[in-house]
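Notes for the structure review
Each chain, letter by letter, is given below.
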2 protein chains.
Amino acid sequence: MSTTGTSATTASNLTAPTKFLEANGEQYAYRRFGQGPGHPILLLQHFMGTLDNWDYAVTNPLASGREVILFDNAGIGRSSGKVPQTIAGMSQHALTFLDGLGLKNCDVLGFSLGGMVAQQMVRERPSIFRRMILVGTAPRGGKDIMHLEKPGLSKYLHDPKLQGYAVLSKIFFAATKTSREAGEAFIGRLIERKDDLDPPSGPEVAANQMAAFREWEQSAGERFADLKSIRQPTLVVNGVHDEMIPVSNSYSLAENLPNAVLLVYPDSGHGSLFQFHESFTRHVTAFLASDSASAAF
Amino acid sequence: MSTTGTSATTASNLTAPTKFLEANGEQYAYRRFGQGPGHPILLLQHFMGTLDNWDYAVTNPLASGREVILFDNAGIGRSSGKVPQTIAGMSQHALTFLDGLGLKNCDVLGFSLGGMVAQQMVRERPSIFRRMILVGTAPRGGKDIMHLEKPGLSKYLHDPKLQGYAVLSKIFFAATKTSREAGEAFIGRLIERKDDLDPPSGPEVAANQMAAFREWEQSAGERFADLKSIRQPTLVVNGVHDEMIPVSNSYSLAENLPNAVLLVYPDSGHGSLFQFHESFTRHVTAFLASDSASAAF
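Here is what the cut-offs are and how they apply
Residues numbered from 1 in each chain as written. Chains lettered and ligands numbered in written order. Predicted model: local features only at pLDDT ≥ 70, side-chain atom pairs only at ≥ 80, totals over all residues. Heavy atoms only, no water. Contact = heavy atoms within 4.5 Å. Buried area = accessible area lost by both parts, 1.4 Å probe. Salt bridge = Lys/Arg side-chain N within 4 Å of Asp/Glu carboxyl O. Helix = DSSP H or I, 4+ residues; strand = E, 2+ residues; numbered from the N terminus. Nonpolar A, V, L, I, M, F, W, Y, C, P; charged D, E, K, R; others polar. Pairing = 2+ DSSP bridges. Polar contact = N/O pair within 3.5 Å; in protein donor to acceptor, adjacent residues only side chain to side chain. Least-squares fit on C-alpha atoms with pLDDT ≥ 70 in both. Expected span 1.5 Å × (residues − 1). Buried < 20%, exposed > 50% of the residue type's maximum accessible area, 1.4 Å probe, protein only. Right-handed = clockwise from strand over helix to strand, strands pointing away. Axes fitted to C-alpha atoms, helices over the stretch in contact; angles between N-to-C directions. Parallel < 35°, antiparallel > 145°, perpendicular 65-115°, else oblique. Left-handed = near helix turned anticlockwise from the far one by under 90°. Core = buried A, V, L, I, M, F, W, Y, C linked by side-chain atoms within 4.5 Å.

Contacts between the two partners involve 22 residues from chain A, matched on the other side by 22 residues from chain B. Taken over both partners, the interface formed by chain A and chain B buries close to 1,700 Å², and the fraction arising from carbon and sulfur atoms is 64%. Three residues, Tyr251, Pro266 and Phe297 of chain A, lead the burial of chain A against chain B; their summed loss comes to 28% of the area buried on that side. Taken together, the links from chain A to chain B amount to zero salt bridges. Every element with two or more residues in the side of chain A that touches chain B is listed here: helix H9 (248-256), strand S8 (260-265) and helix H11 (277-289) of chain A. When grouped by side-chain class, the residues that make up the side of chain A that touches chain B number 16 nonpolar, four polar and two charged. Bridging between S8 of chain A and strand S8 (residues 260-265) of chain B involves three bridges; their strand directions are antiparallel. Bridging across to S8 of chain B, valine 264 of chain A finds its partner in leucine 262 of chain B.

All names here are of chain B. Its location among the elements puts aspartate 198 in the loop between helix H6 (177-190) and helix H7 (203-217). As a C-alpha pair, aspartate 198 and aspartate 52 span 146 residues in sequence and 6.6 Å in three-dimensional space. From its side chain, aspartate 198 meets the backbone nitrogen of leucine 51 in a polar contact 3.2 Å long. A polar atom in the side chain of aspartate 198 sits 2.9 Å from the side chain of arginine 78.

With that settled, the discussion passes to the pattern of salt bridges. All names here are of chain A. A full pass over the atoms with the stated rule returns 36 salt bridges over all chains. With a closest N to O distance of 3.0 Å, arginine 130 and aspartate 291 form a salt bridge. Separated by 161 residues along the polypeptide, arginine 130 in strand S6 (residues 129-135) and aspartate 291 in the segment after H11 bring together distant segments of the chain. Lysine 177 is the salt-bridge partner of glutamate 181, the closest N and O atoms lying 2.9 Å from each other.

Here chain A sits on chain B after a turn of 180° about the axis and a move of 0.0 Å along it, with an RMSD of 0.0 Å. Put plainly, the chains are arranged around a two-fold axis. Proximity to the rotation axis, assessed at the C-alpha, singles out leucine 263 of chain A in chain A; its C-alpha lies 2.4 Å from the axis. A shared interface surface links the copies, since 100% of the contact residues of chain A are contact residues in chain B too.

Below, the discussion takes up H6 of chain B. Residue and element names in this part refer to chain B. Look at H6: 20 Å from first C-alpha to last across 14 residues, which is about the 20 Å you get at 1.5 Å a residue. Within H6, burial applies to Ser179, Arg180, Ala182, Gly183, Phe186, Ile187, Arg189 and Leu190. Along its buried surface, H6 packs onto helix H1 (56-63), helix H4 (151-157), helix H5 (166-171), helix H10 (272-275) and helix H11 (277-289).

With that settled, consider the environment of phenylalanine 173 of chain A. All names here are of chain A. With respect to the element layout, phenylalanine 173 can be found in the loop between helix H5 (166-171) and helix H6 (177-190). You can call phenylalanine 173 buried: its relative accessible area is 5%. In the structure, phenylalanine 173 is positioned 19 residues away from serine 154 in sequence and 14 Å away in space, judged by C-alpha atoms.

With that settled, consider unusual backbone geometry. A positive phi angle, close to 70°, is found at phenylalanine 224 of chain A, a residue other than glycine. Locating phenylalanine 224 of chain A in the fold gives a position in the loop between helix H7 (203-216) and helix H8 (225-228). With a phi angle near 55°, asparagine 24 of chain B is a residue other than glycine that sits in the positive phi range. Tracing the backbone through its elements, the reader meets asparagine 24 of chain B in the loop between strand S1 (19-23) and strand S2 (26-33). On the basis of relative accessibility, which here comes to 70%, the residue asparagine 24 of chain B falls in the exposed class.

Turning next to the pairing of strand S5 (residues 106-111) of chain A. The side chains of a regular strand alternate between the sheet's two faces. All names here are of chain A. Of all six residues making up S5, six are buried, and the element is well covered by its neighbours. Here S5 shows two buried faces, one formed by Cys106, Val108 and Gly110 and the other by Asp107, Leu109 and Phe111. Where strand S3 (residues 41-44) lies against S5, four bridges are found, and the strand directions are parallel. In the strand pairing of S5, leucine 42 is matched with valine 108. As paired elements, S5 and S6 share five bridges and run parallel to each other. By the bridge assignment for S6, phenylalanine 111 is matched with valine 135. On the question of chirality, the crossover connecting S5 to the parallel S6 by way of helix H3 (residues 113-124) is right-handed.

As a further point, take the side chain of histidine 93 of chain A. With respect to the secondary-structure elements, histidine 93 of chain A resides in helix H2 (residues 87-101). Histidine 93 of chain A has contacts with Glu26, Tyr28, Phe71, Asn73, Ala74, Lys82 and Pro84 of chain A, leaving out every residue within four places of it along the chain.

With that settled, consider H11 of chain A. Taking 1.5 Å as the rise per residue, H11 of chain A with 13 residues should run 18 Å; its terminal C-alpha atoms sit 18 Å apart, in good agreement. The complete set of buried residues in H11 of chain A reads His277, Ser279, Phe280, Thr281, His283, Val284, Phe287 and Leu288 of chain A.

All names here are of chain A. Across the interface, H3 lies against H7 with an axial gap of 11 Å and an inter-helix angle of 55°. It follows from the interaxial angle that H3 and H7 lie oblique. Two packed elements cross with a definite hand, and for H3 against H7 that hand is left-handed. On the side of H3, the interface is formed by Leu113, Met116, Gln119 and Gln120, while H7 contributes Gln209, Phe213 and Trp216. Broken down by class, the residue content of the contact of H3 with H7 amounts to four nonpolar, three polar and no charged.

Let us look at the pairing of S8 of chain A. Residues and elements named next belong to chain A. Taken across its six residues, S8 has six buried, putting it largely inside the fold. Residue alternation in S8 divides its side chains into two sets, Ala260, Leu262 and Val264 and Val261, Leu263 and Tyr265, and both sets are buried. As for the winding sense of the linkage, the β-α-β connection from strand S7 (residues 234-239) through H9 to S8 is right-handed.

The subject of this paragraph is the nonpolar core. Across soluble globular proteins, nonpolar side chains show a tendency to be buried alongside one another. Membership of the largest hydrophobic core comes to 200 residues, with the highest contact counts inside it found for Phe97, Ile133 and Phe280 of chain A together with Phe97, Ile133 and Phe280 of chain B. With near-sequence residues (within four places) excluded, isoleucine 133 of chain A lies in contact with Ile41, Val108, Leu109, Gly110, Leu235, Phe280, Val284, Phe287 and Leu288 of chain A.

With that settled, the discussion passes to the packing of helix H1 (residues 56-63) of chain A against H11 of chain A. All names here are of chain A. For the pair H1 and H11, the least separation of the axes is 9 Å and the interaxial angle reads 30°. Classed by the angle they form, the pair H1 and H11 counts as roughly parallel. Of the two possible hands of crossing, H1 and H11 adopt the one that is right-handed. Along its contact with H1, which presents Ala57, Val58, Pro61 and Leu62, the element H11 presents His277, Phe280, Thr281, Val284 and Thr285.

Shown next as structure tokens:
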């Protein structure tokens, strides 16, 4: 099913074909679908996530108003190359990919690891990006970023009964009935796609991305100073019970970015965007529809 | 212009007549206007604020879909009685007022001091209240609540050049050009109403309300335990640069209320709802329109 080219052929991550772009000696796997009056939006994925980890309940409502571009960074899924051990290295690949597509102006939504890459990209090439959405992520110098050895997470990661996506229904969601049910529904949506799938990420991906988290936790000089130069209107979103990247990191983003609205969901963890996909996509759509200088929408 | 009765005669706080309700030996001044399919909403006011401190840019969009009820608590404006020195005392008067109106089910929006009274009312009489909106406020046991002696606030409160409402354009807004301009616009709207005005609050009001803040800062037993029993879907809103009741108090509300969405605005202070009145009323309208068990909207 893989094809090359940049035109959107379908507007769902259930069916959108995986495409490949050659740029700077690498081959990047991506999907591009949707259309409408909005700016194209680049979606940047979480730890170990591939193209197949994007919940269509999130991507498809966005694709009804604009092109959505999903992207495997170097060494992920069917993209060539090695997974960088720094966020800066991942940002370089993503910028090379955008340049290869010829995209000169777009919005960006980064989830978790992807939110760190989004911040780095916006700082390095501010002219490309119009508006930014940061979900379940942290600024450089953030606290308690992806410490999977914590008991609240490791008990699920080392549970032999939880295989594949099943672990996500635990670690992305809060320990309540409603959140767990949302987790099951999320997994149910992910496994609907049967063809043209990425290979899952393995231990080397995990190790290199984990190294990037550890580097991102370090802050040289004034803490959060990096954020002060980001002028893009930003929407920061988190679940209040996020154990993977605690909500205090979203507070730091909102307090130190010059122009960010903060939206925090109850009864949810790292995957708040998947749990509250209707609310999330409604707010994101309203945020992206605004041309105001202010992030308020 | 004062009349009695409970029917709405106009849908703007620019022109709504002040009415009076006798209940339990007191006379309460209020305004009630607007109509539509929504539940009536009670608005509870800030430190020293009267009926005339409600910005019509906030009240009127809400009144286009429901009845809006503004209320002078005991000893404020043209209401009789003494200003209580506790939030619990203010809550008792507000519940007496609601009972006098015969309201058995409504929503409530509390700003600053009013948000504390709203929390107390919802805890005491949960059956009356459907949904709650808390703006620029703090839970019992909150931190740094209304310490007007802080340099960042006292410099405006003791500036002889700032008279009347002018001080609000400083202390309710952030020290940026855009926020200051929003403050000027806010004051401009407040002074549009020329007739049927409340007398401004004096030093005794200030002293008694300040005593209530000091009492509210105290926490007996487990901090924030009061919040755990509040089941109402809640929307918590604040400006990120609020100096009067810092945003960390809104974090505590969102983290400890079982079912609260948090929305934080950039470039704004205590009066974020007045600065971003279009966004604020749009979000509040969407939140109130929801009948979901979840606060997410």
